[in-house]
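Architecture and fold: a report
Single-letter residue listing:
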Amino acid sequence: MSDLVLSARAEVAQRSFSGGRKYRWLPFWLLLPSLLVLLALQVYPTLYSIYLSTTRVRRGEFMHVGLANFERLLRTPSFLESLRTSLAYSVTYVLLTVSSGMMLALLLNRRFKFTGFYLVIIFIPWVISEVVAGTMWRWLFQPTYGLLQSWINMYMPFLGDRLYTTAGGALAIVVAAAVWRGLAFTTLLSLGALQTVPQEIVESASLDGANRFQRFFHVILPLIRPTVLVMVLLTSIQSINSVGLIVSITRGGPGGATRTAAYYLLQVGWEQGDFGTGAAISVILFAINVTLTIAYLSIIGRHRDW
Amino acid sequence: MKARKTVAFLLCLALLSALLLGAASSPATAQSGTLQIWTKFNDQNPQNTQDKWLADLIARYRAKFGVQIVNTFQPFDQINAKLNVAVQARGEVPDVSYVDSQQLGFFDQNGVLTDLTDWVKSRPWFDDVDPGALAACTTPDGKILCVPSHTAVHFLYYWTDVYPDGVPATTDAFLAKAAELKAANPNAFAFTGKLAEKISVERFYYNLIVSYGGQIADEKGRAVWANEATKKTVEFVRALFANGYAAQESLAPAFDNEQPFMRGEAGAFVAGSYSYVYLTPLTAPDGTKFEGEITGTFDPEALSVGAALKAGKLAIAPQFAAPGGKPASLILASAWAIPVGAKNVEAAKAFIDFQMTTSENVAYSTAYGALPALKSAAAADEFQTPYWVEVARIQREFAVPAPTFLDYDRGITLLADAIVKLITDPSLDIMATLQAAQDEYNAGLE
Amino acid sequence: MVTSKLTRRLDQISTHLVLGLFALIAIFPIAYTLMTSFKNQDEVLTRPPTFFPPTWRFDGYQTVFNSDMTRYYLWNSLFNSTTSSIVVVTLASLASYTFSRYRFRGSRALELAILGLMMIPGLTNLVPLYRIASDLGVLRPQGLNANLFISAVYTAGGLPFAIWIIKSFFDSIPVELEEAALIDGCTPLQALIRVVIPLAAPGLMSAFLLVFVDTWNEFLAALVLLNGTARTVTVGLYDFQSSFEIAYHVWTAACVVIMLPVLLLFVLLRKRFFEAMLQGALKG
């Protein structure tokens, strides 16, 4: 660590911080505890998982199989199906949470009375755990005794009388519960971004005769685009990795209709005890996350001037 | 300044060690006089007769042998998986664990359980064990990996208000009767049961497939379920759902499927003898209520099912079979096993020996709600009531062993998912879907 | 003028309608859960279902308060959440101070790398963490060990985000204040503790709350790493669900008991929550 060279962020700081050579090592000591914890409980397990993905246990014997787990997975129809389910789940979730979050933020940003109150109410689902939220939604759509299902039967029969136990219906319930929980996050982020938009720009646009939609799409949206991208990135990663709602609402059913890749990992890698294959799936999920982030960073990077 | 740095460093280390290393300074060594067991029963906070039984057993065992049993409560749907993980991670495994015998192939595949063949054969109680129960603990190549305590089969509970002449014995007759019932009361269901998720195969589909003359696994552990018998089973179940004869709860996760029966809205319900313990409160279709307690000691008539049976409102029958076929019911044994890596094998064996005495076997089986694995225990008075006599008859005449999948859970999950897909999407081709699932299972065996 | 006043009024009404509708949707499942928790088994399973309980009963709560939920799980969750959030805030403050005030070769890369750790799906690490726990011998439910270990896991999980948030708070504190303290004879560490941390207290509080709530709600690691009486509220609820006894009034009562602590925290300290999320996502 002898190459640790201090350079303060500002000239003022330089005077105070590089002054004492005796504190040369201070930043290192400050970082050390965090780094140790992260290395031990984040980095090491991940590397270990990557190693595990190249192993398999058959007939009680531990074997090194190279990339065979990956090859087999990519030939396994139920895994490919779970990837498609993940895609459908994530895309609908991201579209719905980001768009309705922005809409709510626009309304809240008009600062009528009670907006603070609305924000608090809309935010409440976010602090409720996925398992608890899942239990609530599951109970609302219970086929015979569920309140929402019985209302649907009475007032909106075109939606179907057995949502919870049909493939599309079950997925819709899971997505609805996820949006319900995730909406707070995108609303708050959008609101934060909207409040950085200078009021004069919007006003001058409206003086130029732009209507509300034109103002939003041509003036406001370009200004808050970085935030929109952050929201899309974070909600995508969230939806790809989360299993809590699926665990508590459908357990992947009916017939695997709501089994996302993350839930598939839980089922294969944990319940069925196939650690090698489970680890391989987790590596694939990790790769998807990294790809998304790199794509995001490259978009952001290309438009530094934002 | 050196001192300060050292202090800072030591502080960091202290923080970490408090979290990590300090956590490890536990008395992890096996003390003599204690026995670590895993069960799906909660002795610390008994919620039903099974939990109560374990709490009593632990007290009894300590009084008699001076050995403290330390029980770790594992939920029933996680205990087999957690045992596997514990053994594979070479971590802390219990000395004895509860296991479900149908998971034997899974345990064998992953090398989780100690081979007990020679020891079991040398025991005084060996000749007293019911052959069917022992078979459930024996792998296809003859290894005995667990010691069965009791066995359960699945059959129909039904309301006599709905089926005064009993449940029709064949699938065709059942559909006809169901149509009649639906016409009389569109809100009522002829049937409910666990028809989704992996355990539906154990409880329902496998039995029906066997009664249609089919099989789902061959002797090499490969899947063979893409056959006529499975196809006929799917067609029957599709008819149940398409016409609203079966409650939608049958396809829901967990055990929502019990509700329509407990409310008297479904006439028949497929379940195991152990459901005796859980089904409470019950409301008969005519409104009669049975509100038993599920905690406390086991007293059949204090439980709702017992009271309803006695009142003649509830009855049991073998599951319906293929026209001209014979009913079938997968036999499940609850068993004790010693995981690989157990520290206290001798104490574990002593515990199993104690469990295999007649009186202990009776106590466990009544509390659990299953037929004892010891013939001498099955002859006890407790099992001479009409209910248990009928259960014993169903097991004697219709029991079939669990399918011999190498990857047991993966096999039954794939089959259950394929069937549920065929139910929820009636446009799918039955044979093609079954074949695809079968190919996937077999391809994964390599 | 009249028309514009009218449109403004209409505007206001429609805004309130839409916002009110969303607020209703947000609150409805929670309200129904609350209502269900005051029914008994018979009143839960009625056709058609009713919203309000016909009579207010406490059967569900009675069961929950006699179960392991209140006996063990709540306390375990409280322990885990408190421990991990305190440790996270402490460690993250130190680390963020370095990132905020010092530059050294690779410091920016290190900061990004730590942020990048947030991308690791929680699922990825489960089996390795189980192995580590098993090697350390902390899987037995007896004693605090299992919960200490999982608190450490949660600490590692919460650190990256907390470092990000706290750093952005530190960045906004003028460095002149520390300089003054240094001139007065403070060491840099004293300057951090006596000057910077008090000024950044709201930021630390925000990080504390986020980690607390995340830990309270965490499910997967708890499912895998905890056994028996060492389990937490979320896993405990899952066990209620998967057990044979189907009783929605009990589940919903358990749901209420589980969400009440975090709900109260949120309502009382909502500003800090909003701040934390805005800081975390928009700056940095």
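Residues numbered from 1 in each chain as written. Chains lettered and ligands numbered in written order. Predicted model: local features only at pLDDT ≥ 70, side-chain atom pairs only at ≥ 80, totals over all residues. Heavy atoms only, no water.

On to the overall build of chain B. Regarding its fold elements, chain B presents 18 helices and 14 strands. Here chain B has a C-alpha radius of gyration of 24 Å; the compact-globule value for 446 residues is 22 Å, and the two agree. Counting only C-alpha atoms, chain B reaches 90 × 50 × 50 Å along its principal axes. Within chain B, buried positions represent 62% of all 446 residues. Here chain B has roughly 15400 Å² of accessible surface; of this, 56% comes from carbon and sulfur atoms. (Helix = DSSP H or I, 4+ residues; strand = E, 2+ residues; numbered from the N terminus. Rg over C-alpha atoms; globule rule 2.2 N^0.38 Å. Buried < 20%, exposed > 50% of the residue type's maximum accessible area, 1.4 Å probe, protein only. Areas by Shrake-Rupley, 256 points an atom, 1.4 Å probe, with all protein chains shown as cover.)

Many authors give the size of an interface as the accessible area that is lost as the parts come together. Counting from both sides, the interface comprises 96 residues of chain A and, opposite them, 99 residues of chain C. Around 9100 Å² of area is buried between chain A and chain C when both sides are counted, 77% of it from carbon and sulfur atoms. Put simply, chain A and chain C have two salt bridges between them. Here A:Arg110 makes a salt bridge to C:Asp11, at a shortest N to O gap of 2.2 Å. (Contact = heavy atoms within 4.5 Å. Buried area = accessible area lost by both parts, 1.4 Å probe. Salt bridge = Lys/Arg side-chain N within 4 Å of Asp/Glu carboxyl O.)

On the chain B side, the residues contacting the 44 residues of chain C number 52 residues. At the junction of chain C with chain B, the criterion picks out two salt bridges. Between B:Arg263 and C:Asp42 there is a salt bridge, and its shortest N-O distance comes to 3.2 Å. Where chain C touches chain B, the interface holds 12 residue pairs in polar contact (both at pLDDT 80 or more). Secondary-structure elements contributing two or more residues to the side of chain C that touches chain B are helix 2 (41-44), helix 4 (68-101), helix 6 (126-136), helix 7 (145-171), helix 11 (220-225), helix 12 (233-242) and helix 13 (248-268) of chain C. Residue composition of the side of chain C that touches chain B, by class: 20 nonpolar, 15 polar and nine charged. (Polar contact = N/O pair within 3.5 Å; in protein donor to acceptor, adjacent residues only side chain to side chain. Nonpolar A, V, L, I, M, F, W, Y, C, P; charged D, E, K, R; others polar.)

Right, let's talk about the pairing of strand 12 (residues 332-337) of chain B for a bit. Residue and element names in this part refer to chain B. Across the six residues of strand 12, six count as buried, placing the element largely inside the fold. Residues Leu 332, Ser 334 and Trp 336 line one face of strand 12 and the alternating positions Ala 333, Ala 335 and Ala 337 line the opposite face, and both faces are buried. In this structure, strand 3 (residues 96-100) lies alongside strand 12, joined through four bridges in antiparallel fashion. Bridged to Ser 97 within strand 12 is Ala 337. When strand 4 (residues 147-152) meets strand 12, the two strands line up antiparallel, connected through five bridges. Note that in strand 12 the partner of Thr 151 across the bridge is Ala 333. (Pairing = 2+ DSSP bridges.)

Residues and elements named next belong to chain B. According to the domain assignment, chain B consists of domain 1 (34-152 + 331-393) and domain 2 (154-329 + 407-443). On a C-alpha basis, the centres of domain 1 and domain 2 stand 27 Å from each other. Contacts between the two partners involve 24 residues from domain 1, matched on the other side by 22 residues from domain 2. With both chains or domains summed, domain 1 and domain 2 bury close to 2100 Å², and 63% of this area falls on carbon and sulfur atoms. Of all residues in domain 1, the largest losses of buried area upon contact with domain 2 belong to Thr 49, Gln 102 and Tyr 387, amounting jointly to 27% of the total for that side. Linking domain 1 with domain 2 are zero salt bridges, by the criterion used here. A per-element tally of the side of domain 1 that touches domain 2 places helix 16 (residues 386-398) first, with five residues. Looking at the side of domain 1 that touches domain 2, its residues break down into 12 nonpolar, nine polar and three charged. (Domains from an automatic or database assignment.)

Turning our attention to unusual backbone geometry. Both trends apply: most residues other than glycine have a negative phi, and most peptide bonds are in trans. Cis rather than trans, the peptide bond between A:Gly253 and A:Pro254 has omega equal to -10°. As for its placement among the helices and strands, A:Pro254 is situated in the loop between helix 12 (244-249) and helix 13 (261-271). Of note in the backbone geometry, B:Ala254 takes a positive phi value of approximately 55° without being a glycine. Of note, B:Ala254 is situated in the loop between helix 10 (228-242) and helix 11 (258-262). On the basis of relative accessibility, which here comes to 1%, the residue B:Ala254 falls in the buried class.

Counting residues in each nonpolar core, the largest one holds 337 residues, and the members touching the most others are A:Ile128, B:Tyr157, B:Phe191, B:Phe204, B:Trp225, C:Phe149 and C:Leu225. In terms of residue count, the dominant contributor to this core is helix 8 (residues 167-194) of chain A (15 residues). Ignoring sequence-local partners within four residues, the contact set of A:Ile128 consists of A:Ala133, A:Met136, A:Trp180, A:Arg181, C:Ile30, C:Asn217, C:Met259 and C:Leu263. (Core = buried A, V, L, I, M, F, W, Y, C linked by side-chain atoms within 4.5 Å.)

It is worth spelling out the packing of aromatic side chains at this point. Counted according to the given criterion, the structure contains 66 aromatic pairs over all chains. Residues A:Tyr48 and A:Tyr51 carry aromatic rings whose centres are separated by 6.1 Å and whose planes lie at 75° to one another, so their mutual orientation is edge-to-face. One end of the pair is A:Tyr48 and the other is A:Tyr51, both in helix 2 (residues 26-52) and three residues apart, which spans about a single turn. Ring centres 4.4 Å apart and planes at 40° place the aromatic pair B:Phe174 and B:Phe320 in the tilted group. Taken together, the residues B:Phe174 in helix 8 (residues 171-184) and B:Phe320 in the loop between strand 10 (314-317) and strand 11 (329-330) connect sequence positions 146 residues apart. What links up through ring pairs into an aromatic cluster is the set B:Phe41, B:Trp53, B:Tyr61, B:Phe65, B:Tyr98, B:Tyr274, B:Trp336, B:Phe351, B:Phe354, B:Tyr364 and B:Tyr368. The ring of A:Trp126 carries A:Arg181 above its face, with NZ or CZ at 5.5 Å from the centroid. Over the ring of B:Phe255 we find B:Lys194; its NZ or CZ atom is 5.9 Å from the centre of that ring. (Phe/Tyr/Trp six-rings, centres within 6.5 Å; stacked < 30°, edge-to-face > 60°. Lys NZ or Arg CZ within 6 Å of the ring centre and 35° of its normal.)

What follows deals with the sheet that holds strand 10 of chain B. Residue and element names in this part refer to chain B. Spatially, 6-7-5-10 is the arrangement adopted by the four strands of the open sheet, whose pairing is mixed. Pairing within the sheet leaves two strands with one partner each, and these edge strands are strand 6 (189-192) and strand 10. Strand-to-strand twist of the sheet, defined as the mean angle between neighbouring strand axes without regard to direction, takes the value 25°. Where strand 5 (residues 154-159) and strand 10 come together, four bridges link them in antiparallel fashion. The partner of Leu 156 across the bridge, within strand 10, is Ala 317. (Axes fitted to C-alpha atoms, helices over the stretch in contact; angles between N-to-C directions.)

Now for a nonpolar patch on the surface. Together, A:Trp151, A:Met154, A:Tyr155, A:Met156, A:Phe158 and A:Leu159 line one region of the surface with nonpolar side chains, adding up to about 690 Å² of accessible area. With respect to the helices, strands and loops of the structure, A:Trp151 is situated in helix 7 (residues 147-155). (Patch = residues over 30% accessible without salt bridge, like charges linked within 9 Å, V, L, I, M, F, W, Y side chains within 5 Å.)

Below, the discussion takes up the pattern of salt bridges. Once the charged atoms of two side chains with opposite charge are near each other, the side chains can pair. A complete count under the given rule lists 28 salt bridges over all chains for this structure. Close ionic contact of A:Glu81 with B:Lys421 constitutes a salt bridge, the shortest N to O distance being 3.1 Å. Note that A:Glu81 is positioned in helix 4 (residues 77-108) and B:Lys421 in helix 17 (residues 408-424), a pairing that runs across two chains. You can call A:Glu81 partly exposed: its relative accessible area is 23%. Between B:Lys289 and C:Asp42 there is a salt bridge, with its nearest N and O atoms 2.3 Å apart. Within this pair, whereas B:Lys289 is found in strand 9 (residues 289-290), its partner C:Asp42 is found in helix 2, the two belonging to separate chains. One connected set of salt bridges, linked through shared partners, spans A:Arg251, B:Asp77, B:Lys194 and B:Glu197.

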